[in-house]
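So you can see what is in the structure, the chains are spelled out below.
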Amino acid sequence: TPENLEEFAKKYNRKIQKTIKERLYSWKPVEYDQYTSFKYLIGRSSAEYAVIRMIFEEIKVRSEDFTPITYFDFGSGVGTGLWALTDCWKKNMSEYVTVDISQDMGNISREIFISAYKSRNIKQESIFHRRFLSAASPQYDIVLCAYSLFEMPSSTDRLRTILNLWNKTKDFLVIVEHGTNAGFNLINEARDFILETSAQADVGYAFAPCPHDKPCPRFSTDTTPCNFLVNYTGMKLLTTKEQQTEAYSYVVLRKGERPDGK
């Protein structure tokens with residue numbers, strides 16, 4: 001409810017804003033024109049693809065019967081989530097919806113996706129790009145929010161968006177951020193909010209990486225972020241290194257009751 005959202009935002013906002021200011025981030029909106037979007041493609045797409053692909057592979061291995069048909073990507077950027085999704089689940093997909101306020105990002109994403117995956121017979125009419133997140137829409141089998149929470153100016157804005165995405169989720173909601181203290185705090189904010197909200201209405205549980213729905217013990221007792229590492233090969237335009245490493249924090253939330261023993 002709106003009251004719960006405001007209360008939860010007040011609870012987390014002070015700590016998160018302090019961490020952001022001290023360690024990483026001073027908020028201001030980023031505008032991605034065509035030039036900036038291409039810079040992002042070259043500088044960040046390899047790392048982000050590797051992270052999202054790793055998380056999707058975990059879902060695929062642990063839930064072998066999960067065969068998504070519809071996909072929703074908030075803050076889709078140049079389309080790294082689309083690439084990872086199609087590489088993990090190659091069949092049965094009928095609808096891809098991406099949301100990014102930058103039209104230039106959306107254009108690049110669409111062109112790359114269609115060109116790269118022509119051999120998989122992906123129809124152009126199955127891909128929809130939107131610039132804004134709507135409140136009303138159908139549910140999607142898998143919903144992704146990757147590297148987008150830092151773009152929001154306040155805890156209230158973040159939680160309102162996360163709740164909207166949870167309402168759009170039919171099965172899995174995946175949230176990813178940088179593996180810093182600030183990124184880890186934002187992941188925990190989203191995780192705790194959804195678990196608290198779902199206990200009252202739309203039931204769900206933490207699928208990964210947590211084996212439980214209790215508050216994160218590291219969040220309350222440790223200053224080291226809970227993060228993970230993935231190796232990837234960067235674009236040769238930027239580096240001669242064969243392998244690079246990306247640290248990330250994430251949570252996968254799943255609709256329904258937690259299965260016994262899991």
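Throughout this document, residue positions are counted from 1 along each chain, in the order its sequence is written. For this predicted model, a pLDDT threshold of at least 70 governs which residues receive local features, and a threshold of 80 or more governs which side-chain atom pairs are given and counted, while totals over whole chains, interfaces and linings are taken from all residues. Note that the side-chain values use all heavy atoms of the structure and ignore hydrogens as well as water.

**Overview of the packing of aromatic side chains**
In step 1: In this analysis, rings of Phe, Tyr and Trp, with Trp reduced to its six-membered ring, are considered paired at centre separations within 6.5 Å, and the interplanar angle assigns stacked below 30 degrees, edge-to-face beyond 60, and tilted for intermediate values. All told, the structure shown has 10 aromatic pairs when counted by the stated rule.
In step 2: Both rings, one in F66 and one in W89, keep their centres 5.6 Å apart while their planes meet at 85°; by these two values the pair is edge-to-face. With F66 in the loop between helix 2 (34-62) and strand 1 (70-74) and W89 in the loop between helix 3 (80-88) and strand 2 (95-99), the pair connects residues that are 23 residues apart, well separated along the chain. W89 carries the same exposure label as F66, and that label is buried.
In step 3: Pairing Y248 with Y250 gives two aromatic rings, centres 5.7 Å apart and planes at 45°, and the pair type is tilted. Y250 shares its class with Y248; the two are buried. A run of H or I in DSSP counts as a helix once it spans at least four residues, and a run of E counts as a strand once it spans at least two, with each numbered from the N terminus. Here the term buried applies to any residue with accessible area under 20% of the maximum for its type, exposed to any over 50%, and partly exposed to those in between, with areas from a 1.4 Å probe on protein chains only.

**With respect to the nonpolar core**
In step 1: The nonpolar core is taken to be a set of buried Ala, Val, Leu, Ile, Met, Phe, Trp, Tyr and Cys residues, with the residues joined through side-chain atoms within 4.5 Å. F56, I59, Y71, I142, V174, V176 and V252 are the most contacted members of the largest nonpolar core, which has 40 residues in total.
In step 2: When residues no more than four places from it in sequence are discounted, the contact partners of V252 are I55, I59, F172, L173, V174, Y205, A206, F207 and A208.
In step 3: Grouped together as the second largest cluster of nonpolar side chains are 28 residues, F72, V97, L159 and V251 included. Any two residues whose heavy atoms approach within 4.5 Å at even a single point are treated as in contact.

**Details of helix 2**
In step 1: The terminal C-alpha atoms of helix 2, which comprises 29 residues, lie 39 Å apart, in line with the 42 Å expected from a rise of 1.5 Å per residue.
In step 2: The seven residues ending at a residue and the seven starting there each receive a fitted axis; the angle between those axes is the bend at that residue. At R44, helix 2 shows its largest kink, close to 55°. Here, expected helix span is obtained from the residue count minus one, scaled by 1.5 Å.

**Some thoughts on the packing of helix 2 against helix 3**
In step 1: Orientation is described by lines fitted to C-alpha atoms, with helices fitted over the stretch in contact, and by angles between N-to-C directions that extend from 0 to 180 degrees. At a closest axis distance of 8 Å, the pairing of helix 2 and helix 3 adopts a crossing angle of 35°. Helix 2 and helix 3 meet at a crossing whose hand is right-handed. Where helix 2 approaches helix 3, its residues L41, S45, E48, Y49, I52, R53, F56, E57 and K60 are matched on the opposing element by T80, G81, W83, A84, L85, D87 and C88.
In step 2: Its residues assigned to classes, the contact of helix 2 with helix 3 comprises 8 nonpolar, 3 polar and 5 charged. Two helices cross in a left-handed way if the nearer one is turned anticlockwise from the farther one by less than a right angle. They cross in a right-handed way if the turn is clockwise. Three classes are used: nonpolar for Ala, Val, Leu, Ile, Met, Phe, Trp, Tyr, Cys and Pro, charged for Asp, Glu, Lys and Arg, and polar for all others, with Gly counted as polar.

**A look at helix 3**
Side chains three or four residues apart in an α-helix point the same way, a direct result of the helix having 3.6 residues per turn.
In step 1: For helix 3, the buried fraction is high: 9 of the 9 residues fall into the buried class.
In step 2: Among the residues of helix 3, those classed as buried are T80, G81, L82, W83, A84, L85, T86, D87 and C88.

**Here's the deal with the packing of helix 5 (residues 155-168) against helix 6 (residues 181-198)**
In step 1: For the pair helix 5 and helix 6, the least separation of the axes is 10 Å and the interaxial angle reads 55°. Here helix 5 lies oblique to helix 6, going by the angle between them. Here helix 5 and helix 6 pass one another in a crossing that is right-handed. Along its contact with helix 5, which presents S155, R158, L159, I162, L163 and W166, the element helix 6 presents L186, E189, A190, F193, I194, T197 and S198.
In step 2: Class assignment for the residues of the contact of helix 5 with helix 6 results in 8 nonpolar, 3 polar and 2 charged. If an angle is under 35 degrees, it is roughly parallel; if it is over 145, roughly antiparallel; if it lies from 65 to 115, roughly perpendicular; otherwise it is oblique.

**Quick word on the confidence of the model for the protein chain**
In step 1: Per-residue confidence from the prediction method is given by pLDDT, with values spanning 0 to 100. Scored by pLDDT, the protein chain comes out at a mean of 84, with 81% of its residues at no less than 70.
In step 2: Under a pLDDT of 50 for its full length, residues 20-27 has, in the predicted model, 14 contacts with residues more than four places off or in other chains.

**Describing unusual backbone geometry**
In step 1: For the bond from A208 to P209, the omega torsion is -5°, close enough to zero to count as cis.
In step 2: Assignment of secondary structure puts P209 in the loop between strand 6 (204-208) and helix 7 (217-221).
In step 3: Despite not being glycine, Y147 shows a phi value in the positive range, around 55°.
In step 4: Structurally, the position occupied by Y147 is in the loop between strand 4 (140-146) and helix 5.

**Things to note about the side chain of E246**
In step 1: Relative to the assigned elements, E246 resides in strand 8 (residues 244-255).
In step 2: Accessibility expressed as a relative area gives 8% for E246, which makes it buried.
In step 3: With residues near it in sequence (within four places) discarded, E246 still touches R44, A47, V51, Y147, H178, F228, L229, V230 and Y232.

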